[in-house]
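Each chain, written out:
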Amino acid sequence: MGLKQIRGNAPDGGYIINGEIHISYRALEAFYLSAVGMNNEEAAEHMGIGVNTYRNHVYAVMKKLRAGNRANALLIAIENGMFEVSGHHFLLGWSPEEWVLCWKCNRAFPAEEAIGVEQESFIVDHVLIEPPPERICPYTGCGAGVWEGWSWSEVREMDSNMPEIPDRDKVYKVTWLNKKAEEFIEMKRKETYEGK
Ligand SMILES: [Zn+2]
């Protein structure tokens, strides 16, 4: 499910770089929110700080990482383990035989069993947009979007106690989900699919 902020070696959960430069956890959190797609106003509100303070946080991270822009800073942060990227490829789609762990009901199913739900077309700037069917969790009463789930290989990477092939109907409790990222993605999904 995207990007995860990793706590570092500094007492506040941030990082001490080269033995002297401190990047605070909060500053990295600010940067993280930018990386997952929030704009300055949204992110500042999310953190309960002013937009200028928020910008200062982001700028401090870029400067301390000696990055010329946000994209470059993100790459450096990932290379140094400050953020972890999960091996997701929801834009490219799931391979049909890959098992997916539903983020909502915590049950697993092969991606090919996901149910396709036709999406309403809409018009943007006089152009008719026909979105592809949304694929949802096949378990009764769930209906969560598949692309937000986790691939089973990803689950096993995080927790080696998980079986090679998951059981159907079984609820798998995963504790490593990044709650904030989850809420944010859900919010964006609602905006994208229901806000129109
Ligand atoms: Zn589900």
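Residues numbered from 1 in each chain as written. Predicted model: local features only at pLDDT ≥ 70, side-chain atom pairs only at ≥ 80, totals over all residues.

1. Examining the overall build of the chain
Here comes step 1: Each helix and strand counted, the chain has 6 helices and 11 strands in total.
Here comes step 2: Looking at the 196 residues of the chain, the share that counts as buried comes to 24%.
Here comes step 3: Of the contacts made within the chain by residues no fewer than 6 positions apart, 53% connect residues no fewer than 24 positions apart. (Helix = DSSP H or I, 4+ residues; strand = E, 2+ residues; numbered from the N terminus. Buried ≥ 20, exposed ≤ 12 C-beta atoms within 10 Å, placed from the backbone. Contact = placed C-beta atoms within 7 Å.)

2. Considering the nonpolar core
Here comes step 1: In terms of nonpolar packing, the biggest core is built from 22 residues, with L28, A30, F31, V61 and A73 touching the most fellow members.
Here comes step 2: Listed by contribution, the elements that provide at least two residues to this core are α1 (25-35), α2 (40-47), α3 (51-64) and α4 (70-79).
Here comes step 3: If you tally residues by element for this core, the top one is α1, at 7 residues.
Here comes step 4: For V61, the contacting residues outside a window of four places in its chain are I23, A27, L28, F31 and A73. (Core = buried A, V, L, I, M, F, W, Y, C linked by C-beta atoms within 7 Å.)

3. Side note on unusual backbone geometry
Here comes step 1: Phi is positive for N18, close to 50 degrees, though the residue is something other than glycine.
Here comes step 2: Mapped onto the elements of the fold, N18 is located in the loop between β2 (15-17) and β3 (21-23).
Here comes step 3: The exposed category is assigned to N18, around which 6 C-beta atoms lie within 10 Å.
Here comes step 4: Of note in this structure, N106 is not a glycine but carries a positive phi near 60 degrees.
Here comes step 5: Tracing the backbone shows N106 in the loop between β5 (99-101) and β6 (108-110).

4. So, the environment of E134
Here comes step 1: Mapped onto the elements of the fold, E134 is located in strand β10 (residues 134-136).
Here comes step 2: Residue E134 is classed as partly exposed on the basis of its 17 C-beta neighbours within 10 Å.
Here comes step 3: When the C-alpha positions of E134 and A114 are compared, they lie 9.4 Å apart, and in sequence the two are 20 residues distant.
Here comes step 4: Excluding its chain neighbours within four sequence positions, the residues that come into contact with E134 are V117, Q119 and G145.

5. With respect to the packing of α1 against α2
Here comes step 1: Where α1 meets α2, the axes come as close as 10 Å, and the angle between the chain directions of the two elements is 135 degrees. The angle between the axes of α1 and α2 places the two elements in the oblique class. Regarding α1 and α2, the two cross each other, and that crossing is right-handed. Side by side, α1 and α2 meet where E29, A30, L33 and S34 of the first sit next to A43, H46 and M47 of the second.
Here comes step 2: Here the contact of α1 with α2 is built from residues that sort into 4 nonpolar, 2 polar and 1 charged. (Axes fitted to C-alpha atoms, helices over the stretch in contact; angles between N-to-C directions. Parallel < 35°, antiparallel > 145°, perpendicular 65-115°, else oblique. Left-handed = near helix turned anticlockwise from the far one by under 90°. Nonpolar A, V, L, I, M, F, W, Y, C, P; charged D, E, K, R; others polar.)

6. Let's talk about the packing of α1 against α3
Here comes step 1: Running from amino to carboxyl end, α1 crosses α3 at an angle of 95 degrees, the nearest separation of the two axes being 8 Å. Accordingly, the angle class assigned to the pair α1 and α3 is roughly perpendicular. Contacts from R26, A27, L28, A30, F31 and S34 in α1 reach Y54, H57, V58, A60 and V61 in α3.
Here comes step 2: Along the lines of polarity and charge, the residues of the contact of α1 with α3 split into 8 nonpolar, 2 polar and 1 charged.

7. Examining the sheet that holds β6
Here comes step 1: Strand order in this open sheet of 3 strands is β6-β5-β11, and the pairing throughout is antiparallel. If you trace the sheet from one side to the other, it starts and ends with β6 and β11 (150-151), each paired once.
Here comes step 2: Pairing between β5 and β6: 3 bridges, direction antiparallel. Bridging from a neighbouring strand, V100 pairs with F109 of β6. (Pairing = 2+ DSSP bridges.)

8. Some details on the confidence of the model for the chain
Here comes step 1: Across the chain, the average pLDDT comes to 83, with 84% of residues at 70 or higher.
Here comes step 2: Mean pLDDT in the chain bottoms out at helix α6 (residues 179-194), which sits at 62, and peaks at α3, which reaches 96. (pLDDT = per-residue confidence, 0-100.)

9. Points about α4
Here comes step 1: Of the residues making up α4, those classed as buried are A73, L74 and A77. The buried side chains of α4 occupy one side of the element, clustering within an arc of 100 degrees when seen end-on. Exposed side of α4, more than 90 degrees from the buried face: A71 and E79 are the residues found there.
Here comes step 2: In this structure, the buried side of α4 is in contact with α1, α3 and β4 (83-85). (Arc of directions from axis to C-beta.)

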